[in-house]
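# Structural overview
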Amino acid sequence: MSKILTADEVKRHNTRKSVWMVIRNEVYDVTAFIDEHPGGEDPILEAAGQDATIAFEDVGHSEDAKAMLKKYKIGTLAPGEGCCKMRAQIWRSSSPYHRDCTECNASSDMPGTSDSKSWRSFDGGTPSSVSRKSSLKCFKEPGPPRHERRIQRIVVPKERFNFIYLYIFFVLAIKFHLSMESFKK
Ligand code: HEM
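Residues numbered from 1 in each chain as written. Predicted model: local features only at pLDDT ≥ 70, side-chain atom pairs only at ≥ 80, totals over all residues. Heavy atoms only, no water.

Going by the annotation in an unreviewed UniProt entry, the name recorded for the chain is Cytochrome b5, with Spodoptera litura given as the source organism. Regarding the chain, the UniProt comment filed under Sequence similarities (unreviewed entry) reads as follows: "Belongs to the cytochrome b5 family." (UniProt positions renumbered as here; feature names shortened; annotations may be inferred.)

### With respect to the site of the ligand
In the vicinity of the ligand, 18 residues are found, and the nearest of them are Val 30, Phe 33, His 37, His 61 and Ser 62. A distance of 2.8 Å separates a nitrogen atom of the ligand from a polar atom in the side chain of His 37. Side-chain polar atom of Ser 62 to an oxygen atom of the ligand: 2.5 Å apart, as the coordinates give it. Its residues assigned to classes, the shell around the ligand comprises 14 nonpolar, four polar and no charged. (Near = heavy atom within 4 Å. Polar contact = N/O pair within 3.5 Å; in protein donor to acceptor, adjacent residues only side chain to side chain. Nonpolar A, V, L, I, M, F, W, Y, C, P; charged D, E, K, R; others polar.)

### Looking at the coordination of the iron atom of the ligand
Protein-derived coordination of the iron atom of the ligand comes from His 37 (NE2) and His 61 (NE2), at a distance range of 2.0 Å. Taken together, the six donor atoms surrounding the iron atom of the ligand define angles of 86 to 179° at the centre, an arrangement classified as octahedral. Taken together, the positions of His 37 in the loop between β4 (26-29) and α2 (41-46) and His 61 in the loop between α3 (53-59) and α4 (63-72) put the pair 24 residues apart, joining distant regions of the chain. Under the relative-accessibility criterion, His 37 is labelled buried at 14%. (Donors = N, O, S within 2.8 Å, 3.2 Å for Na, K, Ca; no water. Tetrahedral: all angles 85-135°; square planar, octahedral: opposite > 155°, others 65-115°. Helix = DSSP H or I, 4+ residues; strand = E, 2+ residues; numbered from the N terminus. Buried < 20%, exposed > 50% of the residue type's maximum accessible area, 1.4 Å probe, protein only.)

### Side note on the nonpolar core
If you look at the biggest cluster of nonpolar residues, it comprises 14 residues, and the most contacted ones within it are Val 19, Met 21, Ile 23, Tyr 28, Val 30 and Ile 44. Counting only elements with at least two residues in this core, the list comes to β3 (18-23) and α4. In terms of residues, this core owes the most to one element, β3, which gives three residues. Among residues more than four places away in sequence, those in contact with Ile 44 are Val 19, Met 21, Val 30, Phe 33, Ile 34 and His 37. Residues Val 10, Trp 20, Leu 77 and Met 86 belong to the second largest nonpolar core, which totals eight residues. (Core = buried A, V, L, I, M, F, W, Y, C linked by side-chain atoms within 4.5 Å. Contact = heavy atoms within 4.5 Å.)

### As for the side chain of Thr 76
One can find Thr 76 in strand β5 (residues 73-77). Side chain to side chain, Thr 76 and Glu 26 meet in a polar contact 2.8 Å long.

### Some details on the sheet that holds strand β2 (residues 14-15)
Two orientations exist for strands paired in a sheet by backbone hydrogen bonds: parallel and antiparallel. One open sheet holds the five strands; their spatial order is β1-β5-β4-β3-β2, and the pairing between them is mixed. Edge positions in the sheet fall to β1 (3-5) and β2, since each of these pairs with one other strand and no more. Taken together, the two bridges between β2 and β3 define a ladder with antiparallel strand orientation. By the bridge assignment for β3, Thr 15 is matched with Ser 18. Sheet strands in contact with α4 are β3, β4 and β5, and its direction is about 90° off that of β5. (Pairing = 2+ DSSP bridges. Axes fitted to C-alpha atoms, helices over the stretch in contact; angles between N-to-C directions.)

### Observations regarding the pairing of β3
For β3, the buried fraction is high: six of the six residues fall into the buried class. Across the two faces of β3 the burial is the same, with Ser 18, Trp 20 and Val 22 and Val 19, Met 21 and Ile 23 all buried. Count of turn residues in the β2/β3 antiparallel hairpin: two residues. Remark: two residues form the turn of the hairpin made by β3 and β4, two consecutive strands paired antiparallel; Arg 24 in that turn has positive phi of roughly 50°.

### A few points about the environment of Met 86
The residue Met 86 is located in helix α5 (residues 83-87) in this model. The spatial distance from the C-alpha of Met 86 to the C-alpha of Val 10 is 8.9 Å, given a sequence separation of 76 residues.

### Examining the packing of aromatic side chains
Using the criterion set out here, one finds one aromatic pair in the structure. With centroids separated by 5.1 Å and ring planes inclined at 45°, the aromatic side chains of Phe 33 and Tyr 72 adopt a geometry described as tilted. Here the residue Phe 33 occupies a position in the loop between β4 and α2, and Tyr 72 occupies one in helix α4, the gap between them amounting to 39 residues. (Phe/Tyr/Trp six-rings, centres within 6.5 Å; stacked < 30°, edge-to-face > 60°.)

Structure representation (structure tokens):
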């Protein structure tokens with residue numbers, strides 16, 4: 001059965017002897033996988049004892065890799081142990097993964113969080129209202145990529161606009177003057 005684990009428990013398993021990591025609030029013991037990891041041991045050891053969600057997603061692991069996670073799952077982070085407790089150092093409030101997180105208020109006073117104030121703006125719950133459901137809110141996928149805005153119309157600068165009209169007026173005036181001259185003859 002899957003255990004409920006705390007951030008502190010995960011953090012203790014940060015050496016080659018025992019490597020635990022968190023991916024999307026699930027805890028994995030990947031000690032046996034260090035030597036088997038196709039991406040080498042370095043990425044695994046660097047993520048040891050930490051939340052590796054972003055590192056794991058950024059690599060663009062295949063569906064096979066994601067399916068492999070199941071084999072190494074040992075538990076789930078307890079409610080309130082996710083967002084800030086595990087990721088204070090690596091996730092910033094601007095992170096798309098962090099949007100709408102309702103867990104932050106619960107752990108915004110966590111010691112060692114240098115920007116604890118900024119976490120407060122993402123609150124929406126009190127410590128007592130933090131639930132498993134709310135902790136999952138941390139993992140909202142980043143939205144679809146924003147498309148470049150296309151230029152809808154070309155705007156002529158005011159100065160150039162006036163100059164064009166002046167030029168047209170000048171040409172017409174000369175034409176009028178010349179035609180008047182030829183008319184007089
Ligand atoms: C327990 C978790 C992990 C599993 C099961 C896993 C599994 C795999 C697998 C199966 C591959 C081969 C390529 C693929 O199928 O996507 C791979 C490649 C790789 N993984 Fe992981 N991985 C894990 C964690 C991590 C972490 C935390 C990092 C940190 C950055 C990482 C970085 C890489 C890199 C850099 C490659 C090489 C990608 C390439 O050659 O294009 N992996 N991993």
